[in-house]
Amino acid sequence: MLRKLFTVLSIIACTSGALIQAQNESAVKVKLTDKANHETIPFANVVVESGGIQVGVGTTNIDGEVMIKPLNPGKYNVKATYVGYQTVQIENVILSVGKTAYLNMEMTAGQQLKEVEVVEYSVPLIDPSTVSGATVTREDYQNMASKNINSVAATTAGIYQADEGAGLNVRGARSEGTAYYVDGQKVIGSAGVPQSMVEQITTIVGGTPAEYGDATGGIISITTRGPASKYSAGVEVITSGAGEKKGLDAYGYNFVGFSINGPILLKKDSVSNVKKSVLGFSIGGEASHVNDGDPSAIGMYRINKDKLADLEQHPIRPSPQGNGFVLNSEYVTANDLEKIKAKQNAASNVVNLSGKIQYQPTTNLGITVGGSVNYNKYHSFVYQYALFNPVNNPQVIDDTWRIFAKLTQKFNSASTKEEEKSSSVIKNAYFTLQPSYEKRNYTREDDSHKDNFFDYGYIGKFHQSIANTYILESRDKYDVNGDGKKDTVTALFHNGFDFTDLSFVPSDKNPTGTNYTQQYYNYAGTASNGSEVQQGFGLLNGDNATNIYSIWRNTGRQYPSYEKFNNSQFRVVANFSADIKNHAIQIGFEYEQRTERDFSLSPVGLWTRMRQLANAHIQNLDSIPVYNATLSTLSGIPAYDFNRRNDGTQKQFDRSLREKLGKDPNGTEWIDVDSYDPSMFTLNMFSADDLLVNGGSSQYVNYYGYDYTGKKLSGKPSLDDFFTKKDVNGNYTRQVGAYQPIYIAGYIQDKFDFRNLKFNVGLRVDRFDANQKVLKDKYLLYEAKTANEVNYSQLGAIRPSNIGDDYVVYVDNKDAPTKIVGYRSKDTWYNAQGTETTSPATELSGSNTVDGRINPYLIDPSAAKKQLISPKVFTDYTPQINFMPRIAFAFPISDVANFFAHYDVLTQRPPGSNRMDPIQYLN
């Protein structure tokens, strides 16, 4: 995917074209008049600057008006000059995403002073924009109590937020319906913008322009700081100490941030003879450590440290009734608890970095390259762990990085004289292009074991002693003397096995969990088998401690799961914009492809699964007797043993383990899995089906974009590969490709003024392709016959005249049909006579069928019996296309009132659960 990005960047560099802010477009419209007589001033020069860098220039028309765009959201100084007039400048003009600032500038004639008349910009009380929302400037943001982007956006009317930092509900929409942008990049992970780099936060809650799509709620657009003509830097440090009893509060908030910006290359302007920045940079970052970033308003309870340490070391005790054992955790009293303000083991460490380099060799050409990194490492709070087991809160590592390139190419370069000669029909023409790439990596794991999966839930080495059991009886079906004849023999016959002793060697992998078993042995001395240990609250490998009152997880409980996912997004946005007389026309295109991969595992359960798989094929005894001379001598009665029999159901894990131990892969020797160290085992010793367990009905693993061992797939296996492809050992590989949906959009919009009315009219067309296979018929897992494929005479039936050739046929018996009971066309059902029915569960099943179920006329009934789903029942996903008209208009009613109305059609791709999971179809 990076190769795609570099290719696009190379093309951009060669063509030297395009605008950087395809979806952050702002503009300034200036009307210049004589201060004395209020007449318009044509052909005056208007310059827009940001941080001392000139970013836009224009010349007023015959009406004294000029529109300067595109401009990034932020603060600007707007300066007007004209021969014979005093130069005037309005400072700190605020430009918001998608909005135009209207400035009325008055110039004084007859003065030729070097000084510039400076006027401070005043935010108008009424914003005549066709977009509903709000903008938070850099100064406002720095003065706010919260620096969380969501909480800042929630100050906008129409947005609801349940709690600090929580998701946003824009006008009743779900939080997933809100789209986030950083410098025009659509965000799939954390926005992760350092506080020092935030220039502006804009929310759109209504009147959404056609340039925005794939959102049914609101738009949150974040603009970061750009370069300046002079060097500047800043550092911010905040601390409340180390936390409990070691600072100003219990929450341990520590923060350090910095920002630096300035010029890299200065170039002397040929007209003003002043050096101006043509290449500049800005960079900012921050790091924070917080013991509890989401504290409870009423605090929490914990078991005091001494008591908790004692429970961890001594988790069980003999029962007061003198039979068995009880949990010490059930004897905790209120005196053992203490109130705390901050949650335990819930600290987070966050690092954010952001930067950009901007190159502007000419007024009409601008190039920006930038990116950001967000790294977040924290322990996820689990409420059920809070009292007895906070040490085992899972660790989460979540990092996001993104890069982008932006270019601006304007085409309006007419001189003042040319403007005087002709009033151009097309003005302010520009083309924009913005490619970006973003990747997010996420891992949730136990912080002590990480991806050492077999260390999860490991208690120690267990060695189970097994003895043969015998039964005294007469049997007449064995040739015991070798003469070729079956003899009747009264003897001791081996008929099974008995577990006689279970020895235990503790491990230091999970010491608190190990204490349960160690204490059991300290009290009981011995155990015959694992069931005895478990009944005494001891733990075997893969066990978790018993919960307390079905509420709290007990001490020593290992976090039972592991998950990682890797998501990336490649996106290109392009548009062309031009003013045609009074109309600002914009045409745009957007292409995006995401790649999503996920792998999750239940590592604690692997020990249970290994015990199930090992020796599974030797549970039965052979039929050939083996004379046991020793036992015969001791008992004075003939004794016969039987070897274990390989019944052909051996699993791959068993075979792999025997090979690794240097044993016969097809042998029948009983293997004690728990007697080996975790380092003996790896996931690739299993087959995929070993972990999917009977077609996914009880999965230990789930994955896509990775194989079943967690290894990232390089290609995209087909659905046919999933159902049919096998490895060298004859096991199904069950590879599932990454989810790679494709989103394409195009739009056209027109902004224009009619007297005091301001309009924004547009149309957006979205195309979403899930880029995967789906069922051809949502009612069928197996191929079924249609009406034109049925032999009606064989079934003694007549096809109704209204039944089409492609209608699915339903019968009385799926294995051996004798009559037709109904038909179906998509979602419309018919009975055997061709009459439409709204109750197929009654007319096509029940007494009309052998098994009481609705039975399609299957082409291959045996496939259904074996649960062998064919790839033929799947087809390519049909891309969804949506047309979304957008109409908005506004006009001022008075100096203190404004009328605003809009009609928006908004659509969004499914934010989740849209991936077709072939694993679900195994069962």
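None of these values were measured; they are calculated from a predicted model.

**Observations regarding the overall build of the chain**
Item 1. Counting secondary structure elements, the chain contains 14 helices and 44 strands.
Item 2. Scaling as 2.2 N^0.38, a compact globule of 923 residues should have a C-alpha radius of gyration of about 29 Å, whereas the chain reaches 37 Å, well beyond that.
Item 3. Principal axes of the C-alpha set define a box for the chain whose edges measure 135 × 85 × 50 Å.
Item 4. Relative to its 923 residues, the chain shows a buried fraction of 50%.
Item 5. Taking all contacts inside the chain whose residues are at least 6 apart in sequence as the whole, residues at least 24 apart take part in 69%.
Item 6. Total accessible area on the chain stands at roughly 43200 Å², and carbon and sulfur atoms take up 51% of it.
Item 7. Put simply, the chain has 91 plus and 97 minus side-chain charges, and the middle of one group is 4 Å from the middle of the other.

**Comments concerning helix H8 (residues 606–613)**
Note: α-helices contain 3.6 residues per turn, so residues at a spacing of three or four share the same orientation.
Item 1. All buried positions along H8 are accounted for by Leu 606, Trp 607, Arg 609, Met 610 and Leu 613. Axial view of H8: buried residues confined to an arc of 160°, hence all on one face.
Item 2. Directly beyond the C-terminal end of H8, a positive phi value near 70° is found at Asn 615.

**Topic: the environment of Gly 705**
Item 1. With respect to the helices, strands and loops of the structure, Gly 705 is situated in the loop between strand E33 (701–704) and helix H12 (719–724).
Item 2. Owing to a relative accessible area of 0%, Gly 705 belongs among the buried residues under this scheme.
Item 3. Separated by 36 residues in the primary sequence, Gly 705 and Pro 741 place their C-alpha atoms 13 Å from one another.

**A word on the confidence of the model for the chain**
Item 1. Per-residue confidence for the chain averages 89 on the pLDDT scale, and 93% of its residues sit at or above 70.
Item 2. Predicted confidence in the chain is weakest over helix H1 (residues 2–15), with a mean pLDDT of 41, and strongest over helix H10 (residues 652–660), with 97.
Item 3. Scored below 50 in pLDDT, residues 1–22 shows 58 contacts in the model against residues more than four places distant or in partner chains.

**Let's talk about H10**
Item 1. All of the buried residues in H10 are Gln 652, Phe 653, Asp 654, Ser 656, Leu 657 and Arg 658.
Item 2. Phi for Gly 662, located one or two positions after H10, is positive at around 75°.

**Remarks on the packing of aromatic side chains**
Item 1. The full count for this structure, using the stated rule, is 33 aromatic pairs.
Item 2. Between the aromatic rings of Tyr 442 and Phe 565, the centroid separation amounts to 4.6 Å while the plane-to-plane angle is 5°, which identifies the pairing as stacked. Taken as a pair, Tyr 442 in strand E26 (residues 426–445) and Phe 565 in strand E29 (residues 562–580) lie far apart in primary sequence, 123 residues in all.
Item 3. On the numbers, 5.6 Å between centres and 65° between planes, the contact of Tyr 627 with Tyr 640 is edge-to-face. Of this pair, Tyr 627 sits in strand E31 (residues 620–627) while Tyr 640 is found in strand E32 (residues 639–645), placing the two residues 13 residues apart along the sequence.
Item 4. On the basis of relative accessibility, which here comes to 48%, the residue Tyr 627 falls in the partly exposed class.
Item 5. Clustering of aromatic rings is evident, with ring pairs tying together Phe 325, Phe 462, Phe 504, Tyr 520, Tyr 521 and Tyr 523.
Item 6. The ring of Phe 497 has Arg 644 sitting right over it, with the charged end atom 3.9 Å from the ring centre.
Item 7. One Lys or Arg, Arg 734, reaches over the ring of Phe 722 and ends 5.4 Å from the middle of that ring.

**Remarks on the side chain of Thr 517**
Item 1. Structurally, Thr 517 can be placed in helix H6 (residues 511–524).
Item 2. Filtering out sequence-adjacent residues up to four positions away, Thr 517 remains in contact with Ile 459, Phe 462, Phe 504, Val 533, Gly 538 and Leu 539.

**Some thoughts on the pattern of salt bridges**
Item 1. Counted under the stated rule, the structure contains 31 salt bridges.
Item 2. The salt bridge involving Lys 758 is made with Asp 753; its shortest N-O contact spans 3.4 Å.
Item 3. Overall, Lys 758 belongs to the buried group, its relative accessible area being 13%.
Item 4. Between Asp 917 and Arg 915 there is a salt bridge; the shortest N-O distance is 3.7 Å.
Item 5. A single network of salt bridges, built from pairs that share partners, joins Lys 186, Asp 214, Arg 571, Glu 590, Glu 592, Arg 594, Arg 764, Asp 766 and Arg 909.

**Focus: the sheet that holds strand E38 (residues 820–825)**
Item 1. On the basis of which strands lie adjacent, the open sheet formed by five strands has the order E40-E39-E38-E37-E41 and antiparallel pairing. A single partner strand is all that each edge strand has here, and the edge strands are strand E40 (836–837) and strand E41 (855–856).
Item 2. Two elements, E38 and strand E39 (residues 828–831), share four bridges in a ladder whose sense is antiparallel. Bridge pairing links Tyr 823 to Tyr 830 in E39.

**Here we look at the sheet that holds strand E13 (residues 185–186)**
Item 1. Pairing within the open sheet is mixed, and its five strands lie in the order E9-E14-E15-E12-E13. Only two strands of the sheet have a single partner each, and these edge strands are strand E9 (132–137) and E13.

**Some words on the pairing of strand E18 (residues 275–290)**
Side-chain direction in a regular strand flips from residue to residue, so the side chains alternate between the two faces of the sheet.
Item 1. Across 15 bridges, strand E17 (residues 253–268) lies against E18 in antiparallel orientation. Counted as the bridge partner of Val 256 is Ala 287 from E18.
Item 2. Pairing geometry for E18 and strand E23 (residues 348–362), over 12 bridges, is antiparallel. Looking at the pairing, Gly 284 lines up with Ser 354 of E23.

**Here we look at a nonpolar patch on the surface**
Item 1. A contiguous nonpolar surface patch, about 800 Å² in accessible area, is contributed by Val 235, Val 237, Val 256, Phe 258, Ile 260, Ile 283, Val 351, Leu 353, Val 373 and Tyr 375.
Item 2. Taken together, the elements giving at least two residues each to the nonpolar patch come down to strand E16 (232–239), E17, E23 and strand E24 (365–379).
Item 3. Of all the elements, E17 adds the most residues to the nonpolar patch, at three residues.
Item 4. For Phe 258, the location among the structural elements is in strand E17.

**Focus on the nonpolar core**
Item 1. Counting residues in each nonpolar core, the largest one holds 52 residues, and the members touching the most others are Phe 653, Phe 681 and Phe 686.
Item 2. Taken together, the elements giving at least two residues each to this core come down to strand E30 (583–601), H8, H10, helix H11 (688–696), E33, H12 and helix H14 (861–865).
Item 3. The contacts of Phe 681, once residues within four sequence positions are left out, are Phe 454, Trp 607, Met 610, Phe 653, Leu 657, Lys 660, Val 673 and Tyr 676.

**As for the environment of Val 170**
Item 1. Within the secondary structure, Val 170 is located in strand E11 (residues 168–170).
Item 2. Considering only alpha carbons, one finds Val 170 and Ile 219, 49 residues apart in sequence, at a separation of 9.0 Å.

**Looking at unusual backbone geometry**
Residues apart from glycine generally show negative phi values, whereas peptide bonds are mostly found in trans.
Item 1. Note the cis peptide between Lys 69 and Pro 70, where omega equals -5°.
Item 2. Positive phi values are uncommon outside glycine, yet Asp 183 reaches one of about 50°.
Item 3. Relative to the assigned elements, Asp 183 resides in the loop between strand E12 (179–182) and E13.
Item 4. Its relative accessible area of 3% is what places Asp 183 among the buried residues.
Item 5. Residues other than glycine seldom take positive phi values, yet Asn 615 does so here, at roughly 70°.
Item 6. Asn 615 gets classed as buried once you look at its relative accessible area, which sits at 4%.

Conventions and cut-offs
Each residue is numbered by its place in its chain's sequence as written, counting from 1. For a predicted model such as this one, the threshold for reporting local features is a pLDDT of at least 70, and the threshold for listing and counting side-chain atom pairs is 80 or more; totals across whole chains, interfaces and linings nevertheless cover every residue. Where side-chain values are given, they derive from all heavy atoms of the structure, hydrogens and water being excluded. Helical segments are the DSSP runs of H or I of at least four residues, strand segments are the runs of E of at least two, and each set is numbered from the N terminus. Only C-alpha atoms enter the radius of gyration; for comparison, a globular chain is expected to reach 2.2 Å times N to the power 0.38, where N is the number of residues. The cut-offs for exposure are 20% and 50% of the maximum accessible area for each residue type, with area from a 1.4 Å probe on protein chains only; residues under the lower value are buried, those over the upper are exposed, and the others partly exposed. It only takes one pair of heavy atoms within 4.5 Å for two residues to be counted as in contact. Using a 1.4 Å probe, the Shrake-Rupley method yields the accessible areas, and only the shown protein chains count as cover for residues. Under the counting rule used here, the positive set is Lys and Arg, the negative set is Asp and Glu, and His together with the chain ends is not counted. In plain terms, the charge of a residue is placed at NZ if it is Lys, CZ if Arg, CG if Asp and CD if Glu. Starting at the helix axis, one direction is taken to each C-beta atom, and the arc is that of these directions. Confidence of the predictor at the level of single residues is captured by pLDDT, which takes values from 0 to 100. Note on aromatic contacts: the rings of Phe and Tyr and the six-membered ring of Trp form a pair at centre separations within 6.5 Å, being stacked when their planes are under 30 degrees apart, edge-to-face when over 60 apart, and tilted otherwise. For a lysine, the NZ atom is tested; for an arginine, the CZ atom; a charge sits over a ring if that atom is within 6 Å of the ring centre and within 35 degrees of the ring normal. Salt bridges, as used here, are contacts in which a Lys or Arg side-chain nitrogen is within 4 Å of a carboxyl oxygen on Asp or Glu. Two strands are counted as paired when DSSP detects at least two bridges linking them. Patches in this entry comprise residues that are over 30% relatively accessible and not in a salt bridge; like charges within 9 Å are linked, as are nonpolar side chains (Val, Leu, Ile, Met, Phe, Trp, Tyr) within 5 Å. Each nonpolar core is a collection of buried residues, namely Ala, Val, Leu, Ile, Met, Phe, Trp, Tyr and Cys, held together in the definition by side-chain atoms within 4.5 Å.

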